[in-house]
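Next come the chains, spelled out residue by residue.
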Amino acid sequence: VDLLAGLGVDIVITQRFTPDLSTVPAYDYMSRLKETLGLSHLLIGYDFALGKGREGNANRLTEIGKELTYSVEIIKALSDESGVISSTEIRKLVTVGKVAEAARLMDHPYRLQGLVAYGDRRGRTIGFPTANLNYAHEKVVPAGGIYACWAYVRGERHMAAINIGTNPTFTPDKQTLSVEAYLLDFDDDIYDETVTLEFVQRLRDELKYDSVTALIEQIGRDVQQTRELLGTA
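Here, residues in each chain are numbered from 1, in the same order as that chain's written sequence. Under the rules for a predicted model, residues below a pLDDT of 70 receive no local features and side-chain atom pairs below 80 are neither given nor counted, while totals for whole chains, interfaces and linings still include all residues. The side-chain figures draw on all heavy atoms in the structure; neither hydrogens nor water molecules are used.

**Quick word on the nonpolar core**
Here is step 1: Only buried residues count toward a nonpolar core, which is a set of Ala, Val, Leu, Ile, Met, Phe, Trp, Tyr and Cys residues joined through side-chain atoms within 4.5 Å. Exposed residues in this analysis have more than 50% of their type's maximum accessible area, buried residues have under 20%, and partly exposed residues fall in between, with area computed by a 1.4 Å probe over protein chains only. The biggest cluster of nonpolar side chains holds 30 residues, and the ones touching the most others in it are Y147, I162, V179, V195, L197 and F199.
Here is step 2: What counts as a helix is a DSSP run of H or I of at least four residues, what counts as a strand is a run of E of at least two, and both are numbered from the N terminus. At the level of secondary structure, the elements contributing two or more residues to this core comprise helix 4 (87–95), helix 5 (99–106), strand 5 (110–117), strand 6 (131–135), strand 7 (145–153), strand 8 (156–165), strand 9 (178–183) and strand 10 (194–204).
Here is step 3: Top contributing element to this core by residue count: strand 7, with four residues.
Here is step 4: Any two residues whose heavy atoms approach within 4.5 Å at even a single point are treated as in contact. Contact partners of F199, with chain neighbours within four places excluded, come to V99, P109, Y110, L112, P142, Y147, A148, C149, I162 and I164.

**Section: the pattern of salt bridges**
Here is step 1: Counted as salt bridges are all cases of a side-chain nitrogen of Lys or Arg within 4 Å of a carboxyl oxygen of Asp or Glu. One pass over the structure, following the stated rule, counts nine salt bridges.
Here is step 2: Among the ionic pairs, E63 bridges to R60, the shortest N-O distance being 2.3 Å. With E63 and R60 both in helix 3 (residues 58–68) and three residues apart, this pair spans about one turn of that helix.
Here is step 3: Residue R60 is classed as partly exposed on the basis of its relative accessible area, which comes to 27%.
Here is step 4: Of the charged contacts, one joins R104 and E81 as a salt bridge, the two residues approaching to 3.9 Å between their closest N and O atoms. Residue R104 is located in helix 5, and its partner E81 is located in the loop between strand 3 (79–80) and strand 4 (83–84); the two are separated by 23 residues in the primary sequence.
Here is step 5: According to the relative accessible area criterion, E81 is exposed, its value standing at 67%.

**Overview of the side chain of E198**
Here is step 1: In this fold, E198 is placed in strand 10.
Here is step 2: Pairs of N or O atoms are called polar contacts if they sit within 3.5 Å, as long as, within protein, a hydrogen donor faces a hydrogen acceptor (for residues adjacent in sequence, only side-chain-to-side-chain pairs). A polar side-chain atom of E198 sits 3.4 Å from a polar atom in the side chain of Y152.
Here is step 3: Setting aside anything within four residues of it in sequence, one finds E198 in contact with P109, Y110, R111, A148, C149, W150 and Y152.

**Digging into the packing of helix 2 (residues 26–37) against helix 3**
Axis angle and axis distance: for two packed helices, these are the angle between their axes and the distance between the axes, and together they describe the pair.
Here is step 1: Fitted lines through C-alpha atoms give the axes, limited to the stretch in contact for helices. The angle between two N-to-C directions lies from 0 to 180 degrees. Their axes nearest at 10 Å, the elements helix 2 and helix 3 cross at an angle of 50 degrees. Taken together, the axes of helix 2 and helix 3 lie oblique to each other. For the pair helix 2 and helix 3, the sense of crossing is right-handed. Contacts between helix 2 and helix 3 involve A26, Y27, M30, S31 and K34 from the former and R60, L61, I64, E67 and L68 from the latter.
Here is step 2: Within the contact of helix 2 with helix 3, the residues separate by chemical class into six nonpolar, one polar and three charged. Roughly parallel means an angle under 35 degrees; roughly antiparallel, over 145; roughly perpendicular, 65 to 115; everything else is oblique. In this scheme the crossing of two helices becomes right-handed for a clockwise turn of the near helix relative to the far one and left-handed for an anticlockwise turn of less than a right angle. Classification used: nonpolar for Ala, Val, Leu, Ile, Met, Phe, Trp, Tyr, Cys and Pro, charged for Asp, Glu, Lys and Arg, polar for all others including Gly.

The values reported here are purely geometric and, on their own, carry no functional implication.
Structure below.
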């Protein structure tokens, strides 16, 4: 929605996909849009389809439009040297941690947003207090590892080193992934506040260390690499 707003879109209405909605024929759905929104012009992707059984493809929606008096504009596929750029390919790249490649295809960094939740506060005891992001688990999360990110909080941008993983040095039996952000040169209390992360570059895998000292030294190197990388971004 933020991206659309930046492009000049005034209103965004979301339609939640439910089992009931999946049974609605294309004609009935388009009739609803015409009646409730006064639809006059429909833009769709080249492979888009809606309605029961995906019957409402470009040809069918154009046919319905002639009866309901709305026009249809079909947006062609966007391609690069590797072929068609698709959301499926972008999700795959993010899932394996190739966030820089995903950003190139999207023309903006991949974003993850959530409220800062209380964690174990272990980072503060070793000199690197982190913000634990309570993100929507339906979102695609980059592969476990350390990332250089931009973090947006209270309308300001900060450099951030992000750990996605299970903290194997301290919690080797943990299964669920945590997203922890260390904001450089920042020490405000931001619990229950919204933080948006923009993933710029994956730095390395998450590793288990034999000592806390070794972990602290590696985090220091990660922070320095983040500072150097984002300082030129």
